[in-house]
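# Coordinates in review
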Amino acid sequence: MFCSFALVSLLWSLLPQLAMSANLSNWEGPHIDVTAENRAIDWWYTQVISLTPAPNGVPPSIEVTLKHGNTFQYGSSNTPLYSVDINGFDQDGLPFAQTIVFNSSSVSSTDSGDTFGIWGANDSEITFIANPDRKKFTVSLNTTYATGTIIINSDSSARTGCGGTSLTDSPFFSDLVSDGRELTAAEVILYRKTGWRITIPDGPSTVDVVLGGKAVQFQGAGYKDSNWGPNAMNDFIMSWYVLIAQVGPWSFVTFSGNPINGTNFINSGHLSYEGEFVTSQCNIIGERSTDISIITPSGQVVDSNVIAPTAFDVTFVLPDAKNISFHADNIAVNPSVSVYHRWTAKYTGGTVGGQQYESYGITEWMNAGNISQWIYIQ
């Protein structure tokens, strides 16, 4: 990199407020104007999970979510406006969790094409650098609780939620409802106003940080995406499942969600084999039978006063109708709150009737509707 993080921090402290204006023509944004007076959200999500478990059976993992606005807003205020969540399991398989609140944050591109983001300033800050080729995303931590670096590298290609690959491809899901069908207010937000860009679907990544005085160092499968919209998730989503894993030569991210009071349930699935996508799509559940992914939770466990699943199955039905299926058994949960569970999980699967593989990945249940028990989204 042509300049140090200290210099980057100095430059950011001098940037005018105009730098925070929404800029969808830049892959990393900022994607929407977020203020304390609106309910908008914009976040940059990164994770790395080791493919080798700790002695207690839990694979080391880290999730860093850099946020403008609050994912869930059950009150009337979009504050704290700038925060970073750091969660996961260290190399001993023990959990760590911290939310750090900052007074300022800025994200902007430079003439060189890099995108710089900073939360905080001077001697207490968290920053990211996103390369313009979308092949590397670096998070640097410099706070009292957290120091060090996370480097996410790509073995694949960037995607939008519906499989687009370029800046000119829409990051929204609006094409799915372009037939003039009647939509509820929640469905309008979901399909026409909520954006998703997957910068790095998968790749070899490195974690070298100190959290609360303990060194956390491991290598594993990395992932990076961005989500944004004019509303907090609980304004329009009831329930939402996400599965992310690298299993043998297969890598995937997929989600299914149902909007509040809606009938148009959404699914998106992106599956690659040795770095090449075999499917990358979005769909409304039930409207076609191929080029889809079907997520099925199962089991029951009481956790944070809700009944959460203990396992997930996902089947990717490819355009040629071939099935690629994976089963995930949840291992350990962190975070665990009624509206959001994130598990490390053991995955097994591959081509149905073909070679099967084992690995580790992530499963998530975003329970934005704060319902008492998981539901099928099918």
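Look up: the structure comes first, before these words.
Attention in this report is confined to the structure presented alongside it. (Residues numbered from 1 in each chain as written. Predicted model: local features only at pLDDT ≥ 70, side-chain atom pairs only at ≥ 80, totals over all residues. Heavy atoms only, no water.)

### What about the environment of Gln356?
- Mapped onto the secondary structure, Gln356 falls in strand E24 (residues 356–366).
- Taking relative accessible area as the criterion, Gln356 reaches 47% and is therefore assigned partly exposed.
- The spatial distance from the C-alpha of Gln356 to the C-alpha of Ile86 is 33 Å, given a sequence separation of 270 residues.
- Beyond its immediate sequence surroundings of up to four residues, Gln356 is in contact with Gly349, Gly350 and Thr351.
- A distance of 2.9 Å separates a polar side-chain atom of Gln356 from the backbone oxygen of Thr351.
- For Gln356, the side chain forms a polar contact with the main-chain oxygen of Gly354, separated by 3.1 Å. (Helix = DSSP H or I, 4+ residues; strand = E, 2+ residues; numbered from the N terminus. Buried < 20%, exposed > 50% of the residue type's maximum accessible area, 1.4 Å probe, protein only. Contact = heavy atoms within 4.5 Å. Polar contact = N/O pair within 3.5 Å; in protein donor to acceptor, adjacent residues only side chain to side chain.)

### Structural notes on the packing of aromatic side chains
- Applying the stated criterion across every chain yields a total of 18 aromatic pairs.
- Their ring planes at 15 degrees and their centres at 6.3 Å tell us that Phe72 and Tyr74 sit as a pair that is stacked.
- Centre to centre, the rings of Trp240 and Phe255 are 4.4 Å apart; their planes meet at 10 degrees, and the pair counts as stacked. Of this pair, Trp240 sits in strand E14 (residues 237–247) while Phe255 is found in strand E15 (residues 250–259), placing the two residues 15 residues apart along the sequence.
- Among the residues examined, Trp240 registers a relative accessible area of 10% and is labelled buried.
- On the basis of relative accessibility, which here comes to 4%, the residue Phe255 falls in the buried class.
- One aromatic cluster is present, formed by Trp44, Trp119, Phe128 and Phe137 through successive ring pairs.
- The cationic tip of Arg134 hangs over the ring face of Trp27; the distance from NZ or CZ to the ring centre is 4.1 Å.
- Its guanidinium or amino end placed over the ring of Phe137, Lys224 lies 5.0 Å from that ring's centre, counting from NZ or CZ. (Phe/Tyr/Trp six-rings, centres within 6.5 Å; stacked < 30°, edge-to-face > 60°. Lys NZ or Arg CZ within 6 Å of the ring centre and 35° of its normal.)

### Some remarks on unusual backbone geometry
- Of the consecutive residues Gly29 and Pro30, the connecting peptide bond is found in the cis state with omega at 15 degrees.
- Position of Pro30 relative to the elements: it lies in the loop between helix H1 (5–14) and strand E1 (41–49).
- For the bond from Asn334 to Pro335, the omega torsion is 5 degrees, close enough to zero to count as cis.
- Relative to the helices and strands, Pro335 is located in strand E22 (residues 323–337).
- For Arg134, which is not glycine, the phi dihedral falls at a positive 60 degrees.
- Here Arg134 lies in the loop between strand E7 (124–130) and strand E8 (136–142).
- Residue classification places Arg134 among the buried residues on the basis of a relative accessible area of 17%.
- Phi is positive for Asn305, which is not a glycine, with a value near 70 degrees.

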